Amino acid sequence: MKKLFLALSLVALCSPWIFAQKLNQSLGNVSEQTPIQHGMEFKVGSIKARVLVYSPTTFRITITPAAEFERMSYAVSGSPQETKFTLSDQNGTVEFKTDSCILSISKNPFRVKLMNTKREVINEDEPSFGTGIIGEEICTYKKLQPGERFIGLGEKTGNLDRRGEGYTNWNTDYFGYPANGDPLYASIPFYIGTHGTKVYGVFLDNSSKTHFNFGASNERFSSFMAEEGEMDYYLIGNTSVAGVIKSYSDLTGRMEMPSLWSIGFQQCRYSYYPESEVLTTAKTFRDKKIPADVMYFDIHYMDQYKIFTWNKERFPNPKRMLDEMDRLGFKSVVIVDPGIKVEKGYPSYEEGVKQNLFIKYPDGSDFIASVWPGRCHFPDFTNPQTREWWGQSFKGYIADGIDGFWNDMNEPASWGQKVPDLLEGYYEGVKANHRRWHNIYGMQMSRATYEGTRKLLGNKRPLILTRAAYAGIQRYSAIWTGDNRADDESMLLGVRLVNSLGLSGMPNAGYDVGGFGGECNTNTFARWISIGAFCPFFRNHKMIDAKDSEPWSYGERVEEIAKNYISLRYKLMPYLYSAFYEAHTSALPVARSLAINYTFDPKIYDTRYQNQYFFGNGLMVVPVTGPTTITKAYLPGGSNWYDWYNDEQHEGGQEIFAETPLEKIPVFVKGSSIIPMQSLVMHAGEQPQDTLFIHLYKGNDNNTFVYYEDAGDGYEYQNGDFHQRELVYTPKASNLTLSDAKGKRQSKFNYIKLYFHGFGALQSVKVNGKALGTQQERFKLLNDMPQFDPIGKGIRADQSQIRTASFSNQQAQIRISW
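Residues numbered from 1 in each chain as written. Predicted model: local features only at pLDDT ≥ 70, side-chain atom pairs only at ≥ 80, totals over all residues. Heavy atoms only, no water.

**Quick notes on the sheet that holds strand β37 (residues 619-621)**
Strand order in this open sheet of six strands is β35-β36-β37-β42-β39-β40, and the pairing throughout is antiparallel. Since the sheet does not close on itself, it has two edges, and those belong to β35 (591-593) and β40 (649-651), each with one partner. In this sheet, adjacent strand axes meet at a mean angle of 35° when their direction is disregarded. Looking at chain direction, β37 and strand β42 (residues 667-670) are connected through three bridges and run antiparallel. (Pairing = 2+ DSSP bridges. Helix = DSSP H or I, 4+ residues; strand = E, 2+ residues; numbered from the N terminus. Axes fitted to C-alpha atoms, helices over the stretch in contact; angles between N-to-C directions.)

Right under this line is the structure:
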């Protein structure tokens, strides 16, 4: 009997029903409230909540079960603006009203609602759940609105509209990820919601593992959840997607101007070695007259994969080689991985141990995991001292002549893919376990690389590239989408990933053209290099033991296609550099999802058209796969459109069929667009001819293009050393106005040549009131490819002599000041 009783007791003790279950505890009624600067604090039982007015369009809501609010963010660089708002407290509701939005806090229970000034709901908590806590997890539930769509969320696979999907933010080394793979390498927990005519944004600033549900497996709510820490999110209300992106960038910062060479074509392979192969590849680009600016050194340049070293057998004299690369017009970029090999006498290891700079176990010993060099320690980039040491460690590379730094394996990745959660980081003195610092590790490595190399390079802009990232990465680095696959599906996925990153405040992004993993077939490479020419970050890359993947590696036909599209990109440099200036000043991406300009057009979310995007503000790219010879394209309403290659006009608001021979990626120009171009150069350091070509496309909408140039490197542009003009087209008045120049810099162009598309026969042109003749001529965008020859009407004038100019066609006027 005693044995039976003991057995029953053990069964009872092991039964899950004996233990209290962790159920959701939603926030209840407010018991206390205290006005504070910029907002108010609330007590909700044992929970603390805070609302801050950050700007007329942005509110910060923080909810914590802890005794105090956390004080530190790696993502947010902005502080609350001095914002006029009214505060009311009546009928159980506290309202914060700015000139743009109303944030309403219901006190019984605590619930959040965002409205416009007409009191129409933009975003609101699910009434029953609001914010709830399950154990350490904290989750906010938002009521699904009729027809609500969700876009953005950074580097996420899937469709443009994320409704019905769920995602996790946990930076992951995911080789050969599929079209629905998640999570990937970067975590940017910021998305944009739309419904009716309303637009809003949500940025969850919690660096632990987070989960977003956009109505997946339920029809009641969307939600965002952090596995630990606070519910700290920013709710942004604006009238446009572009406005939401700008408000987000007011919080997390904007990109610096890139160097001109860093937006040219870049060639990479895992790996080019020895020195002779590097130089031969560079010379082949020049011999074949294929423009290029950058070549990369992958991990085989190092001595046994040890960072800050060279393999002296493969590269006996790095400085001599890099000087020769400079002479050829190439910039050089090296890969840098965080793992520091555990090896006595290796300076980086000895310095890191001596200065106590590595990630640690709770007992104070340095963490060791295996990666490319073997057993490694990992720098603690949440420690300012480590970041300073890391940055100074680039002295040798820079003395040799390296121009850029490619941060890889920084999720952080290690063999086994299971970093223990108990590991501790300095976390700016607060100390945190791996669950909190994991997602910001790559960002802080990139930060350390950027800050260090910027100091060491003096008046040069380093190219910083990263695989892993967190919100705010745009302040320090460009990003590429990791180890993709060499197939059509991955090619189109890359387009959506870059567009999604652009929607998430990350304008300088790209993918490995040709696919990193696997063999790329001829047709797919031809398409990929063509599409890549319209990508912000344009790099061709291929893994070890795969066949060669340089532009000439796929036969003469594909080589000519690659040469043509790379050349087109270089002719578009004035347009492209101006687009990067717009990203620098306003955070508008260079590759723009159609959801930015056509948010409420349901057609753009159609999976047939969701890959279409704007490159800058005037060119719409229609990606197609390898074997396609004809495709359907959607031309959004409200504008007329021109076929980029032959000036054929189309009305907007319709689907059309476009021919797509292998030589042609469909590109359409929006009516009223202004496209500045230059003559062909082989690299950014080569001076173009002295004429700037300005293409004006007749349309019905007013349009302003901000033309921008500076030295293309250095930081003197921050002190006024730039050349900027507004080109303003006013169709109803038949005017094109080129404003007076801003900035101290003289333009590199002495002449301008205007091309008028869609205006019909021009009868006269006036410059400074003097009539000139016009000529119809063929302006070749690509080398000797007749199907790429837009026909325009052009005039050429000395910019130093132009003050006003006009052309007339039945009394139409264009006025120019240059």
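After that view of the structure, there is still more to cover.
**Some remarks on the sheet that holds strand β10 (residues 121-124)**
What holds strands together in a sheet is hydrogen bonding between their backbones, with the strands either parallel or antiparallel. Pairing in this open sheet of five strands is antiparallel, and the strands run β6-β7-β8-β9-β10 from one edge to the other. Of all the strands in the sheet, the pair left with one neighbour each is β6 (86-90) and β10. Each adjacent strand pair in this sheet contributes to an overall mean axis angle of 20°, direction not counted. Where strand β8 (residues 101-107) and strand β9 (residues 110-116) come together, seven bridges link them in antiparallel fashion. Along β9, the bridge assignment pairs I102 with M115.

**Remarks on the pairing of strand β34 (residues 537-540)**
Side chains F537 and R539 project from β34 onto one buried face, and the interleaved F538 and N540 project onto a second face that is buried too. Of the pairings in the sheet, the one linking strand β21 (residues 266-267) to β34 comprises two bridges and is parallel in character. Opposite Q267, over in β34, you have N540 as the bridge partner. Pairing geometry for strand β33 (residues 509-513) and β34, over four bridges, is parallel. In the sheet register, V513 faces β34, and the bridge partner there is N540. As a crossover connection, the stretch from β33 through helix α10 (residues 522-532) into β34 is right-handed. (Buried < 20%, exposed > 50% of the residue type's maximum accessible area, 1.4 Å probe, protein only. Right-handed = clockwise from strand over helix to strand, strands pointing away.)

**Description of helix α8 (residues 434-457)**
With 24 residues, α8 should reach 34 Å at 1.5 Å per residue; the first-to-last C-alpha distance of 33 Å fits that figure. I440 marks where α8 bends most, by close to 50°. The opening residue of α8 is N433, an N-cap whose side-chain oxygen sits 2.9 Å from the backbone nitrogen of R435. Where α8 ends, the next residue or the one after it, G458, has phi of about 65°, a positive value. (Expected span 1.5 Å × (residues − 1). Bend = angle between axes of the 7 residues up to and from the residue. Polar contact = N/O pair within 3.5 Å; in protein donor to acceptor, adjacent residues only side chain to side chain.)

**Topic: the packing of aromatic side chains**
Under the defined criterion, the tally for this structure stands at 68 aromatic pairs. When the ring of Y270 is compared with that of W372, the centres are 6.4 Å apart and the planes differ by 70°; the resulting orientation is edge-to-face. On the criterion of sequence distance, the pair formed by Y270 in the loop between β21 and α3 (275-287) and W372 in the loop between β25 (369-371) and β26 (374-377) is long-range, its members being 102 residues apart. Y270 gets classed as buried once you look at its relative accessible area, which sits at 13%. Note on W372: relative accessible area 32%, which makes it partly exposed. The ring of W170 carries K209 above its face, with NZ or CZ at 5.0 Å from the centroid. For the cation-ring pair, R539 lies above W406, with the distance from its terminal atom to the ring centre recorded as 4.5 Å. (Phe/Tyr/Trp six-rings, centres within 6.5 Å; stacked < 30°, edge-to-face > 60°. Lys NZ or Arg CZ within 6 Å of the ring centre and 35° of its normal.)

**Some points on empty space enclosed by the protein**
Taken as a whole and judged by the stated rule, the model has six cavities of 30 Å³ or more. One number sums up the size of the largest cavity: a volume of about 230 Å³. As for the largest cavity, its lining consists of 19 residues, of which E256, M257, P258, P462 and Y476 are closest to the centre. Classifying every residue of the lining of the largest cavity gives 11 nonpolar, five polar and three charged. Approximately 100 Å³ is the volume attributed to the second largest cavity. If you go around the second largest cavity, the residues you meet are L260, M573, P574, Y577, Q678, Y707, Y708, E709, D710, G712, K748 and F749. Mapped onto the lining of the second largest cavity, the elements with two or more residues apiece are α12 (573-586) and β45 (703-710). (1 Å grid on protein atoms, 1.4 Å probe; cavity = no way out; pocket = protein on both sides within 12 Å on 5 of 7 lines; lining within 4 Å. Points joined across faces, edges and corners; volume = space filled by probe spheres on them. Nonpolar A, V, L, I, M, F, W, Y, C, P; charged D, E, K, R; others polar.)

**Some points on the pattern of salt bridges**
One side chain can pair with another of opposite charge once the charged atoms of both are near each other. Counted by the stated rule, this structure contains 41 salt bridges. Between E582 and R592 there is a salt bridge whose closest N-O contact spans 2.6 Å. Here R592 lies in strand β35 and E582 lies in helix α12, a separation of 10 residues in the sequence. Its relative accessible area of 4% is what places R592 among the buried residues. Counted as one network, the salt bridges with shared partners bring together E70, E136, E228, R435 and R436. (Salt bridge = Lys/Arg side-chain N within 4 Å of Asp/Glu carboxyl O.)

**Focus: helix α2 (residues 241-252)**
An ideal rise of 1.5 Å per residue puts 16 Å on 12 residues; α2 measures up with 17 Å between its terminal C-alpha atoms. In terms of burial, α2 is largely enclosed, as nine of its 12 residues are buried. Of the residues making up α2, those classed as buried are V241, G243, V244, I245, S247, Y248, S249, L251 and T252.

**As for the packing of helix α6 (residues 384-392) against α8**
Close contact between α6 and α8 brings their axes to 8 Å; oriented N to C, the two are set at 50°. Judged by the inter-axis angle, α6 sits oblique to α8. For the crossing formed where α6 meets α8, the hand is right-handed. Facing R387, E388, W390, G391 and Q392 of α6, the residues of α8 in contact are Q444, M445, R447, A448, T449, G452, K455 and L456. (Parallel < 35°, antiparallel > 145°, perpendicular 65-115°, else oblique. Left-handed = near helix turned anticlockwise from the far one by under 90°. Contact = heavy atoms within 4.5 Å.)

**Quick notes on the packing of helix α11 (residues 556-571) against α12**
At their nearest, the axes of α11 and α12 sit 5 Å apart, and the two run at 65° to each other. Counting all contacts with α11, which are made through R569, Y570 and K571, the residues of α12 involved are M573, P574 and L576. Residues belonging to the contact of α11 with α12 are distributed by class as follows: four nonpolar, no polar and two charged.

**A few points about the side chain of N171**
In this fold, N171 is placed in the loop between β14 (166-169) and β15 (186-187). On the basis of relative accessible area, N171 is assigned to the buried category, the value being 2%. A distance of 3.2 Å separates the side chain of N171 from the backbone oxygen of A469, its partner in a polar contact. Residues in contact with N171, not counting those within four places in the same chain, are L184, Y185, A186, S187, E411, H438, N439, A468 and A469.

**Topic: the environment of A595**
Mapped onto the secondary structure, A595 falls in helix α13 (residues 594-597). The class for A595 is buried, based on a relative accessible area of 0%. Spatially, the C-alpha atom of A595 lies 9.4 Å from that of D161, the residues being 434 residues apart in sequence. In this structure A595 touches I151, V241, I604 and Y605, once residues within four positions along its chain are discounted.

**A word on the pairing of strand β4 (residues 47-55)**
Taken residue by residue, a regular strand's side chains alternate between the two faces of the sheet. Across the nine residues of β4, nine count as buried, placing the element largely inside the fold. Bridge count for strand β3 (residues 39-44) against β4 is six bridges, and the pairing is antiparallel. The partner of G39 across the bridge, within β4, is L52. As paired elements, β4 and strand β5 (residues 58-64) share seven bridges and run antiparallel to each other. Within the sheet, the bridge partner assigned to R50 lies in β5 and is T62. Counted along the chain from β4 to the antiparallel partner β5, the turn is two residues long.

**Regarding the confidence of the model for the protein**
The predicted model of the protein has a mean per-residue pLDDT of 92, with 90% of residues at 70 or higher. Long-range and interchain partners of residues 1-19, a stretch whose pLDDT sits below 50, account for four contacts in this model, where long-range means more than four residues apart. Across residues 776-818 the pLDDT falls below 50, and counting only partners more than four positions away or on other chains, this stretch makes 158 contacts in the model. (pLDDT = per-residue confidence, 0-100.)

**Re the nonpolar core**
Among the nonpolar cores identified, the biggest contains 200 residues, and Y301, I307, W310, W390, Y397, F534 and W644 are the most heavily contacted of them. If sequence neighbours within four positions are ignored, Y301 has contacts with I307, T309, W310, N311, F315, V334, I335, V336 and Y397. By size, the runner-up hydrophobic cluster in this structure holds 38 residues, among which are I63, C101, F214 and M231. (Core = buried A, V, L, I, M, F, W, Y, C linked by side-chain atoms within 4.5 Å.)

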